[in-house]
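Inside the fold
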Amino acid sequence: MELNSKIPSGPIESRWEKHRFEMNLVNPANKRKYTIIVVGTGLAGGAAAATLGELGYNVLCFTYHDSARRAHSIAAQGGINAAKNYQGDGDSIFRLFYDTVKGGDFRSRESNVYRLAEVSNEIIDQCVASGVPFARDYGGLLDNRSFGGAQVSRTFYARGQTGQQLLIGAYQSLMRQVHAGTVKLFTEHDVQDVILVDGVAKGIVTRNLRTGEIQPWLGDAVALGTGGYANVYYLSTNAMKCNATAAWRAHKRGAGFANPCFTQIHPTCIPVAGEYQSKLTLMSESLRNDGRIWVPDDPAETRPAGEIPEDERDYYLERMYPAFGNLVPRDLASRRAKEMCDQGKGVGTTKLGVYLDFRDAIQRLGRETIEARYGNLFEMYERITGENPYNVPMRIFPAPHYTMGGLWVDYNLQTTIPGLFAIGEANFSDHGANRLGASALMQGLADGYFVLPYTMGNYIGGERPTPVPEDHPDVLRTVEEVRARMSRLLALDGKRTVDDIHRELGRVMWDGCGMGRDATRLKDAIEKIPVLREEFWENAAVVGSGDTINQVLERAGRVADFLELGELMCRDALAREESCGGHFRDEHQTPEGEAKRDDEHFQHVSVWEYKGDGVVPTEHREPLEFEYVPPTQRSYK
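A short tour of the structure in this document, coming up.

Notes on the packing of aromatic side chains
If you walk through the whole model with that rule in mind, you get 23 aromatic pairs. With a centroid separation of 4.7 Å and 85° between ring planes, the pair formed by F324 and Y636 is classed as edge-to-face. Taken together, the residues span a long stretch of sequence, with F324 in the loop between α8 (316–320) and α9 (330–342) and Y636 in the segment after β21 (618–623) at a distance of 312 residues. Look at F324 and you get buried, because its relative accessible area is 13%. Joined through ring pairs, the aromatic side chains of F358, Y374, F378 and Y390 make up one cluster. Cation over ring: K102 sits above Y636, and NZ or CZ is 4.4 Å from the ring centre.

Comments concerning the nonpolar core
Grouped together as the largest cluster of nonpolar side chains are 141 residues, with contacts concentrated most on I80 and F536. With sequence-adjacent residues up to four places away left out, F536 is seen in contact with L489, L492, V498, I501, A556, V559, A560 and L563.

As for the packing of helix α14 (residues 498–513) against helix α16 (residues 551–575)
For the pair α14 and α16, the least separation of the axes is 10 Å and the interaxial angle reads 15°. Considering the angle they form, α14 stands roughly parallel to α16. α14 and α16 meet at a crossing whose hand is left-handed. The residues of α16 that touch α14, namely those facing V498, D499, I501, H502, L505, M509 and C513, are V552, R555, A556, V559, F562, L563, G566, M569, C570 and A573. When its residues are assigned to classes, the contact of α14 with α16 shows 13 nonpolar, two polar and two charged.

Brief notes about the environment of Q414
If you trace the backbone, Q414 turns up in the loop between β16 (406–407) and β17 (420–422). A relative accessible area of 10% means that Q414 is categorised as buried. Sequence separation between Q414 and Y459 is 45 residues; the distance between their C-alpha atoms is 9.1 Å. Once residues within four sequence positions are removed from consideration, Q414 is found in contact with K6, W408, V409, G419, L420, F421 and Y459. From its side chain, Q414 meets the backbone nitrogen of G419 in a polar contact 2.6 Å long.

Some remarks on the sheet that holds β21
Taken together, four strands build an open sheet; the order of strands is β16-β10-β20-β21 and the sheet is antiparallel. The open sheet is flanked by β16 and β21, the only strands paired with a single partner. Examined bridge by bridge, strand β20 (residues 604–609) and β21 share six bridges and lie antiparallel to one another. Across the sheet, the residue bridging to W608 is E619, located in β21. Where α16 meets the sheet, its contacts fall on β10 (257–258), β20 and β21, and the angle it forms with β20 comes to roughly 140°.

Structural notes on the pairing of strand β12 (residues 292–296)
With four of its five residues buried, β12 lies for the most part within the structure. As paired strands, β12 and strand β14 (residues 354–357) are joined by three bridges and run antiparallel to one another. Counted as the bridge partner of W294 is Y355 from β14. As judged from the two bridges shared by β12 and strand β13 (residues 313–314), these two strands associate in the antiparallel manner. Each residue of the ladder has a partner; that of P296, found in β13, is R313.

Considering the side chain of T182
With respect to the helices, strands and loops of the structure, T182 is situated in the loop between α6 (162–180) and β5 (183–186). Of the polar contacts made by the side chain of T182, one reaches the backbone oxygen of G53; its length is 3.3 Å. A polar contact of 2.8 Å, which involves the side chain of T182, links it to the side chain of Q177.

Comments concerning the packing of helix α3 (residues 43–55) against helix α12 (residues 440–460)
Two elements in contact, α3 and α12, have axes whose closest approach is 8 Å; the angle formed by their N-to-C orientations is 30°. Classified by the angle between their axes, α3 and α12 sit roughly parallel to one another. The two elements α3 and α12 meet at a crossing, and its hand is right-handed. Residue-level inspection shows L43, A44, A47, A48, T51, L52 and L55 of α3 in contact with α12, the latter providing L441, G444, L445, G448, Y449, L452, P453 and M456. Residues that form the contact of α3 with α12 fall into these classes: 12 nonpolar, three polar and no charged.

Calculation criteria
- Residues numbered from 1 in each chain as written.
- Predicted model: local features only at pLDDT ≥ 70, side-chain atom pairs only at ≥ 80, totals over all residues.
- Heavy atoms only, no water.
- Phe/Tyr/Trp six-rings, centres within 6.5 Å; stacked < 30°, edge-to-face > 60°.
- Helix = DSSP H or I, 4+ residues; strand = E, 2+ residues; numbered from the N terminus.
- Buried < 20%, exposed > 50% of the residue type's maximum accessible area, 1.4 Å probe, protein only.
- Lys NZ or Arg CZ within 6 Å of the ring centre and 35° of its normal.
- Core = buried A, V, L, I, M, F, W, Y, C linked by side-chain atoms within 4.5 Å.
- Contact = heavy atoms within 4.5 Å.
- Axes fitted to C-alpha atoms, helices over the stretch in contact; angles between N-to-C directions.
- Parallel < 35°, antiparallel > 145°, perpendicular 65-115°, else oblique.
- Left-handed = near helix turned anticlockwise from the far one by under 90°.
- Nonpolar A, V, L, I, M, F, W, Y, C, P; charged D, E, K, R; others polar.
- Polar contact = N/O pair within 3.5 Å; in protein donor to acceptor, adjacent residues only side chain to side chain.
- Pairing = 2+ DSSP bridges.

Below, the structure is given as structure tokens:
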């Protein structure tokens with residue numbers, strides 16, 4: 001496997017502009033001769049499909065939802081970053097670049113991160129032009145708030161519904177192209193595999209979720225905007241349908257999988273209430289702007305929060321990180337919350353929670369101001385917990401949320417398979433070992449609106465349109481392999497439900513490869529997962545048929561993939577003998593309990609090559625170089 005990042009030369013601030021000028025171009029008359037397949041209709045996939053259609057390409061766009069608007073991007077709450085510096089508080093493109101590299105604990109490519117910061121301002125202009133109702137200040141100018149890992153206010157937001165509003169904007173752009181005929185949208189089509197012809201990506205195979213039809217779709221290039229894989233933990237903030245199937249199929253066809261162990265545990269989620277739960281609920285990180293996080297000093301404390309006096313409260317983030325306080329990056333906030341609970345100071349019936357308190361903010365700003373900023377989030381919290389956060393503190397606890405790992409891509413967002421691109425959370429490219437809050441929406445739209453349309457054109461411009469017939473041997477073989485896999489799943493007639501096995505996998509992953517990791521637990525997980533995988537194929541129960549709607553069959557296919565991906569995540573975590581960002585090895589920490597990197601041996605991207613079922617994968621390494629932000633011990637104190 002060859003890893004050529006294709007990073008342009010020259011000063012970092014001019015690399016993207018220089019690269020765009022040097023790219024191949026496709027003249028307008030020729031664009032309509034090419035067909036591009038886009039999988040996913042979230043911010044990355046929807047924006048990419050809309051933009052490529054607007055440019056004149058023929059686009060086939062696929063989603064397993066009944067509407068493109070149901071993509072999981074809609075669930076993002078708090079905001080989207082951009083370096084506009086409207087507040088005049090010292091922000092700049094370089095500072096956003098610096099904060100992102102530092103926040104990711106120096107495990108991301110400088111060139112990719114700088115490009116992300118550079119196009120961030122264009123994203124806001126694009127979204128405003130498409131009608132996104134960002135919050136505005138009294139004078140009518142776009143408002144900003146702060147997020148973790150930054151000391152400036154650069155996050156644009158629409159109350160607690162930013163993802164929803166951005167997705168509707170991208171959806172409108174997408175549907176305009178559907179109406180114009182440049183994009184054909186296929187809903188309720190679940191991607192099962194990637195078609196390679198002579199080693200080049202030329203299409204996909206889908207299962208129609210209503211009819212069960214297995215069908216190939218062919219084109220000149222494929223882009224996967226299929227999100228992350230946090231549902232490997234079973235309980236996560238992801239929608240229950242979020243999965244890794246498309247990316248995992250691509251990996252098994254030859255696409256390198258980068259940094260799979262880099263997963264993010266979000267610090268502000270509603271604590272788990274019982275075994276009956278199938279997912280967890282995110283409470284936006286934006287709440288940390290005005291909410292103060294604390295626990296009682298006394299582990300034996302039983303009084304309601306409102307009765308605990310100020311001098312008996314430990315505002316531990318403000319105490320430990322006075323410069324950033326409650327706005328430390330997510331990995332730090334999550335670990336510190338777990339530590340408080342491990343010390344017995346947790347709150348709530350399970351003792352797995354800390355307080356997020358708005359008492360002081362309401363007294364300082366007034367209830368109306370807090371309601372204008374977070375009203376829908378407060379309402380959601382009350383509906384789920386029965387507690388009114390205007391009157392009592394919220395209870396929060398960390399939960400699996402985002403995955404920084406993903407398919408390896410070069411500077412052009414192309415995987416190690418020619419013609420196969422990965423965008424948004426499906427790739428590994430921009431966040432390193434920890435993603436800053438409000439940067440997921442930024443990366444999705446940057447990739448979809450402003451990067452892929454150029455780099456896809458660069459690839460297309462170097463290729464002749466070469467239609468592949470559906471009866472090509474590589475196409476027929478891939479379709480037959482998908483049918484065989486469906487048949488094998490449908491033949492499962494055991495005694496355990498798919499969800500039960502998934503839940504057990506989640507416990508193994510959380511214990512072994514969750515917030516804290518060590519060699520013993522990781523080795524134990526690597527031993528347990530193959531046993532559980534064998535249990536799945538011998539004792540899982542898949543009811544129903546394959547020629548109609550069958551959600552059990554859908555879940556079974558996704559859990560089968562998680563049972564393979566989970567093992568790779570643990571192997572990656574075991575191989576990385578350091579702590580960095582969200583990857584915290586208990587053996588590698590400073591005396592203060594902070595992550596201790598090993599830049600001499602692990603300043604690289606780990607890229608895994610699939611070698612066959614039951615065969616240990618091969619690790620390749622892309623060295624990381626830091627010319628503009630020299631690696632230092634992260635400090636937010």
